[in-house]
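Close look at the chain arrangement
Each chain is listed here by its residues.
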Amino acid sequence: MTILTNEAEILKIRESGKIIKDIFLRLQEIAKAGVSTAALDREVEKIICENGAEPAFKGYKGYPASICASVNEVVVHGIPSEDIILGDGDIVGIDVGVKKNEYYTDAARTFAIGTIDDEAKHLIEVTRQCLVKGTEQAVADNRVSDISNVIQTLAEGAGFKEVRAFVGHGTGRHLHEAPEVPNWGEKGKGPVLKEGLVLAIEPMINSGRREINVLDDGWTAVTSDGRLSAHFEDTIIVGNKKAEIIT
Ligand code: MF3
Ligand code: CO
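In this report, we go over the structure that sits alongside the text. What you see is a predicted model; the values in this text were computed from it and never measured.

Basis of the calculations
- Residues numbered from 1 in each chain as written.
- Chains lettered and ligands numbered in written order.
- Predicted model: local features only at pLDDT ≥ 70, side-chain atom pairs only at ≥ 80, totals over all residues.
- Heavy atoms only, no water.
- Phe/Tyr/Trp six-rings, centres within 6.5 Å; stacked < 30°, edge-to-face > 60°.
- Helix = DSSP H or I, 4+ residues; strand = E, 2+ residues; numbered from the N terminus.
- Buried < 20%, exposed > 50% of the residue type's maximum accessible area, 1.4 Å probe, protein only.
- Near = heavy atom within 4 Å.
- Polar contact = N/O pair within 3.5 Å; in protein donor to acceptor, adjacent residues only side chain to side chain.
- 1 Å grid on protein atoms, 1.4 Å probe; cavity = no way out; pocket = protein on both sides within 12 Å on 5 of 7 lines; lining within 4 Å.
- Sits in = over half its atoms within 2 Å of the grid points.
- Nonpolar A, V, L, I, M, F, W, Y, C, P; charged D, E, K, R; others polar.
- Pairing = 2+ DSSP bridges.
- Axes fitted to C-alpha atoms, helices over the stretch in contact; angles between N-to-C directions.

Okay, the packing of aromatic side chains next. Under the counting rule described, the total for this entry stands at two aromatic pairs. Ring geometry for F24 against F111: centres 6.4 Å apart, planes inclined by 50°, an arrangement best described as tilted. Of this pair, F24 sits in helix α1 (residues 7-30) while F111 sits in strand β5 (residues 103-112); the two residues are 87 residues apart in sequence, bridging distant segments of the chain. Comparing F24 with F111, the two get one shared label, buried. Between Y63 and W219, the aromatic rings sit 4.9 Å apart at their centres with planes inclined by 80°, giving edge-to-face as the arrangement.

Here is the structure:
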């Protein structure tokens, strides 16, 4: 568990998060039809290195790249490839982890490629809202499942299903730390949140069934019914009145 207690530590982790913010701005420009997910990975790795930081995912449990690029029915952990070319109408979740100044930050956005259909638009909008509303619960004296519950309620209220095979997590001094932050659950359960606690909140929402399968590469998680999935993630610091979003 990373609980930041002074301004110097907060300044350091903000620098780590700023790199990811800049990466998303760049991805917004270059994630277009005709581009391979390997090209996106190269560009992101370059930005990370130029900023004196390290890609947090590369080598993590043997993961081979600096981003996860999860197209359409891929939920998370899609491995970048020269053979995966983005096409008009696709949605792609890009997940990035950065280590800078000894601090890890972890975040994801789902991007639309060209013109996407209404179901894809709705799924992206609801998943983004799940992250926004979940983050609003990340205040001192709430419990972890207060975050979980608003995410589940929003997703199911929209007719979608939150994925349960993966969860959000603490981050900060390590990529993955306690506590787990599930995207479902009753309010008022789990650890009490403290000011300064660093969390990665990451709703993964499916348009059809919630179940997933992992492909033979050992990483790529796909929806079991082949329907769309979206993913948004931010690293945040729990605040007394309001969380600080650092990615
Ligand atoms: N944001 C994802 C997570 O927290 C990304 C991990 S990819 C990995 O699990 F390669 F680092 F495992
Ligand atoms: Co994460």
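Following the structure, the description resumes.
Around ligand 1 sit 13 residues, and of these D95, D106, H169, H176 and E233 come closest. D106 places a side-chain nitrogen or oxygen 3.0 Å from a nitrogen atom of ligand 1. Contact between ligand 1 and E202: an oxygen atom at 3.1 Å from a side-chain N or O atom of the residue. When atoms are counted within 2 Å of each cavity's grid points, the one that captures over half of ligand 1 is the largest pocket. Classifying every residue of the shell around ligand 1 gives six nonpolar, three polar and four charged.

With nine of 10 residues buried, strand β4 (residues 91-100) lies mostly within the body of the structure. Relative to β4, strand β1 (residues 54-55) is paired through two bridges, and the arrangement is antiparallel. Note that in β4 the partner of P55 across the bridge is V98. Bridging between strand β2 (residues 67-71) and β4 involves five bridges; their strand directions are antiparallel.

This brings us to the sheet that holds strand β11 (residues 212-214). Read from one edge of the open sheet, three strands run β3-β12-β11, paired in antiparallel fashion. The outermost strands of the open sheet, each flanked by one partner alone, are β3 (74-76) and β11. The mean inter-strand angle of the sheet, taken between neighbouring strand axes irrespective of direction, is 40°. Bridge count for β11 against strand β12 (residues 221-223) is three bridges, and the pairing is antiparallel. Note on β12: the bridge partner recorded for N213 is V222.

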